There are 2 protein chains.
Amino acid sequence: MIHGGDVLTYKHLYDGEIMDFSSNINPLGYPACLKEAIFSGLDEITRYPDIKYRRLRKNIGEYLGCSPDEVIVGNGAVEIIDGIVSMFNRVVVVVPCFMEYILRPGVLGKEVVKVGLNEDFSINEVALLDVVREGDLILLGNPNNPTGKRIDKDILIRIQKCAEERGAFLLLDEAFYEFCPLDYDSIELFSGSKNVCIIRAATKFFGLPGIRLGYAYADKSIVKSFDQRALPWSINAFADAASNCIFKDKDFIEKSKKYIDEQRRYVTSELKKIKTIRIFETSTNFMLIKLLKGNEDDIFEFMIKRGIMIRKASSFYGLDKSYVRIAIKDGERNKYLVECFKEY
Amino acid sequence: MIHGGDVLTYKHLYDGEIMDFSSNINPLGYPACLKEAIFSGLDEITRYPDIKYRRLRKNIGEYLGCSPDEVIVGNGAVEIIDGIVSMFNRVVVVVPCFMEYILRPGVLGKEVVKVGLNEDFSINEVALLDVVREGDLILLGNPNNPTGKRIDKDILIRIQKCAEERGAFLLLDEAFYEFCPLDYDSIELFSGSKNVCIIRAATKFFGLPGIRLGYAYADKSIVKSFDQRALPWSINAFADAASNCIFKDKDFIEKSKKYIDEQRRYVTSELKKIKTIRIFETSTNFMLIKLLKGNEDDIFEFMIKRGIMIRKASSFYGLDKSYVRIAIKDGERNKYLVECFKEY
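Nothing here was measured: the structure is a model prediction, and the numbers come from that model.

Undergrad: Any chance you could explain the pairing of strand β4 (residues 111-116) of chain A here in plain terms?
TA: Remember that side chains alternate between the two faces of the sheet whenever the strand is regular. All names here are of chain A. In terms of strand pairing, strand β3 (residues 90-95) meets β4 through 6 bridges, oriented parallel. Within β4, the residue paired with valine 92 across the bridge is valine 113. Tracing the backbone out of β3, into helix α5 (residues 100-107) and back to the parallel element β4 gives a crossover that is right-handed.

Undergrad: Any chance you could explain the relation of the copies chain A and chain B here in plain terms?
TA: The relation between the two chain copies is a rotation about an axis coupled with a shift along that axis. At an RMSD of 0.0 Å, chain A and chain B line up after a rotation of 180° and a shift of 0.0 Å along the axis. What the rotation and shift describe, once combined, is the action of a two-fold rotation axis. Of the residues that chain A buries at the interface, 100% are likewise interface residues in chain B, meaning the two copies contact each other through the same surface.

Undergrad: What is the right way to look at the sheet that holds strand β13 (residues 323-327) of chain A in this model?
TA: In a beta sheet, neighbouring strands pair by backbone hydrogen bonds and run either parallel or antiparallel. All names here are of chain A. One open sheet holds the 4 strands; their spatial order is β9-β10-β13-β12, and the pairing between them is antiparallel. What marks the edges here is a single partner per strand, and that holds for β9 (277-279) and β12 (311-312). In terms of strand pairing, β9 meets strand β10 (residues 286-291) through 3 bridges, oriented antiparallel. Across the sheet, the residue bridging to isoleucine 277 is leucine 291, located in β10.

Undergrad: Whenever I open this one, the nonpolar core confuses me. Can you help?
TA: The tendency in soluble globular proteins is for nonpolar side chains to be buried as a group. Ranked by size, the top nonpolar core spans 196 residues in total, and within it A:Ile84, A:Ile211, B:Ile84 and B:Ile211 carry the most contacts. Setting aside its immediate chain neighbours within four residues, B:Ile84 contacts B:Ile72, B:Leu137, B:Phe169, B:Leu171, B:Cys197, B:Ile222 and B:Phe226.

Undergrad: I keep staring at helix α7 (residues 153-166) of chain B and nothing clicks. Help me out?
TA: Given 3.6 residues per helical turn, the α-helix brings residues three or four places apart onto the same face. All names here are of chain B. Taking 1.5 Å as the rise per residue, α7 with 14 residues should run 20 Å; its terminal C-alpha atoms sit 20 Å apart, in good agreement. Contacts made by the buried residues of α7 are with α6 (125-131), β5 (136-141), β6 (169-173), α8 (186-189) and β7 (196-201). The residue sitting at the N-terminus of α7 and contributing the capping side-chain oxygen is aspartate 152; that oxygen lies 3.1 Å from the backbone nitrogen of aspartate 154. Count one or two residues on from α7 and you reach glycine 167, which has phi positive near 75°.

Undergrad: Help me out: how do you make sense of the interface of chain A and chain B in this one?
TA: Accessible area lost upon the coming together of the parts serves often as the stated size of an interface. Of the residues lining the interface, 48 residues belong to chain A; the matching set on chain B comes to 48 residues. Where chain A abuts chain B, roughly 4000 Å² becomes buried across the two surfaces, and 63% of that area is made up of carbon and sulfur atoms. Per-class residue counts for the side of chain A that touches chain B are 23 nonpolar, 12 polar and 13 charged.

Undergrad: Would you mind showing me how to read the pattern of salt bridges here?
TA: Two side chains that carry opposite charge are able to pair once their charged atoms sit near each other. Residues and elements named next belong to chain A. Tallying each qualifying case throughout the model produces 54 salt bridges over all chains. Its salt-bridge partner being aspartate 227, residue arginine 57 comes within 3.1 Å of it at the nearest N-O pair. A residue pair is termed long-range when its members are at least 10 positions apart, and arginine 57 in helix α3 (residues 54-64) and aspartate 227 in helix α10 (residues 220-229) qualify at 170 residues. In this structure arginine 57 comes out as buried when scored by relative accessible area, which is 11%. For the salt bridge of lysine 272 with glutamate 281, the shortest nitrogen-to-oxygen distance reads 2.8 Å. Counted as one network, the salt bridges with shared partners bring together Arg150, Glu174, Asp183, Asp185 and Arg200.

Undergrad: Help me understand the pairing of strand β7 (residues 196-201) of chain A in this model?
TA: Residue and element names in this part refer to chain A. For β7, the tally of buried residues reaches 6 of 6 residues, placing the bulk of the element in the interior. Burial along β7 is two-sided: Val196, Ile198 and Arg200 and Cys197, Ile199 and Ala201, pointing in opposite directions, are all buried. Inspection of the sheet shows β7 paired to strand β8 (residues 214-218) by 5 bridges, in the antiparallel sense. Bridging from a neighbouring strand, cysteine 197 pairs with alanine 218 of β8.

Undergrad: Can you help me understand the environment of B:Pro105 in this one?
TA: Residue and element names in this part refer to chain B. As for its position among the elements, proline 105 is in helix α5 (residues 100-107). The sequence separation of proline 105 and glutamate 164 amounts to 59 residues, and the corresponding C-alpha distance is 22 Å. The residues contacting proline 105, other than those within four sequence positions of it, are Val85, Val91, Glu100, Lys110 and Val112.

Undergrad: I tried to follow the packing of helix α2 (residues 34-44) of chain A against helix α2 (residues 34-44) of chain B on my own but got confused; where do I start?
TA: Geometry of a packed helix pair, given as the angle between the helix axes and the separation of the axes. Packing of α2(A) against α2(B) brings their axes to within 11 Å, and their N-to-C directions diverge by 150°. Comparing their axes, α2(B) and α2(A) come out roughly antiparallel. In the crossing of α2(A) with α2(B), the sense of the turn from one axis to the other is right-handed. Across from A:Leu34, A:Lys35, A:Ile38, A:Phe39 and A:Leu42 in α2(A), the residues of α2(B) making contact are B:Leu34, B:Lys35, B:Ile38, B:Phe39 and B:Leu42. Residues of the contact of α2(A) with α2(B), tallied by class, amount to 8 nonpolar, no polar and 2 charged.

Thresholds applied
Residues numbered from 1 in each chain as written. Chains lettered and ligands numbered in written order. Predicted model: local features only at pLDDT ≥ 70, side-chain atom pairs only at ≥ 80, totals over all residues. Heavy atoms only, no water. Pairing = 2+ DSSP bridges. Helix = DSSP H or I, 4+ residues; strand = E, 2+ residues; numbered from the N terminus. Right-handed = clockwise from strand over helix to strand, strands pointing away. Least-squares fit on C-alpha atoms with pLDDT ≥ 70 in both. Contact = heavy atoms within 4.5 Å. Core = buried A, V, L, I, M, F, W, Y, C linked by side-chain atoms within 4.5 Å. Buried < 20%, exposed > 50% of the residue type's maximum accessible area, 1.4 Å probe, protein only. Expected span 1.5 Å × (residues − 1). Polar contact = N/O pair within 3.5 Å; in protein donor to acceptor, adjacent residues only side chain to side chain. Buried area = accessible area lost by both parts, 1.4 Å probe. Nonpolar A, V, L, I, M, F, W, Y, C, P; charged D, E, K, R; others polar. Salt bridge = Lys/Arg side-chain N within 4 Å of Asp/Glu carboxyl O. Axes fitted to C-alpha atoms, helices over the stretch in contact; angles between N-to-C directions. Parallel < 35°, antiparallel > 145°, perpendicular 65-115°, else oblique. Left-handed = near helix turned anticlockwise from the far one by under 90°.

Structure below.
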């Protein structure tokens, strides 16, 4: 199990609908305006998508606070990761991290340098910067997956500066950005920097993993290089149409942020009371948990029998079978999850 | 202009809706059942698509007449081309051909060997087989784009045999297959061969370029290799949902084939009468035309002023400015196109 969300594979183990705590999607679903956008997309699917994605880039640029020609678009965030990785020879990652940071370079025949995180899963700045050299790509999740940790602002600035000095490039995967308390906006922070690309996505926060829409901020020159290598028409007409409305739905955005914040506090405070697990404070809508008794297989089986699918975490490089990851979902389900944890 | 369909770029040149004769989509649109499938897709976009695409492969397998584990799926046919090309070091193509057959190997750092077609754009079997050697990928459009020519069955069988003997691989791009008169089904022909992959797509015949759904038949071992390199979740939830209905719509399929056949005959016979152009007989829903007077720029400008966008063909390797490509569309538009050609 490299990725969460694969409910189908475990369907036979529970008589009823399985609650998917293994993938980290907004529990409030998608913005209500989407349905209409999809109907308008129906008129557009008989044509090829605009090969230059002009409207899409404009909508995203307005949302991110950058110009359309500073926008990279992709068939999900993972296509952007892949495209950027393909431009470099060596990739520096911290572990544990999203497995695609290691898998994609592998597929593309790139060398991967893995740097361990601190014991509390914060970044080990010294160890990281120690290995960075000219031409490297530093690829960091912010917040990181599966740990849920945002990178400290000052540390991030120092990493970017150091990368710049050494002729390295910094790729930040911020697919979970909107779930985090507003500390800093890295696009604002690094606006104008030529050695940074910052990925965001509709997948998680806008509740649309099925629509496949990833996007990123980068300097125009990087956007151009990316586009020269990209497959034509990689974004479907529905994702293109959705961009006309989802980013403007301030209500949905505010409501979701507030809701996740409340639920994160609730789940954190409740799970903290349980003595047989150790939780790691998270900035986002998922949480890494260390089991002090038993292992991921025991608890996975225990939970699936109760209609809950959690994420075993040993498939993340650097974690053993004593870790699992859960998502923060809606109040009722979170309550049920907490109860099951207590029972376990 | 590497690809057709970019109406947006020329929008300002005509006061009204431009008829797009530059891209080759079914003029009857998409199967009526699609709308309902899209609505059901709306329920599915809040989940990740099945990472293994079990339902999708089953639906496609039934349509193609092969088993689900012999099905490759991709974000459009072009993603499958890219994935297969990435497995080989050298790619043999015939020219002119779809430009992505040359561009994608270029992006991936592969050597491309270009073999010229005969004067009537049929395959030069001797010249082609002369260059093929162990480990090569032979990549052929069938029918070829922009020429509209199907490969003769006996020649195709000999190419596949020769490839097999020399340890080369044959990739057939049959994105326009359903538009062609039923001569042979290459999937049936090469069923069981380990050195063949045959691409089909929902893009053209099912009128769905915006939905991004390409698929292919290949031996299980090839499917497995492909999947190991493929990006996760590359097909969106709507394309997945659409597969539940479009392939079963026999009425749409039969009607479209009959309609295109009629319209192809009509356009062919009418354009044949014009002395200043030479047409090349086509098996499919587009046609290559040689201008005996003037060049592609003149006629493009002439046509766009009349609200028609045709495809300049000099961007196809091996063609000069004396060629254009047109699509076969619905009766009324085809009539208008013929009139404009006569006027020109």
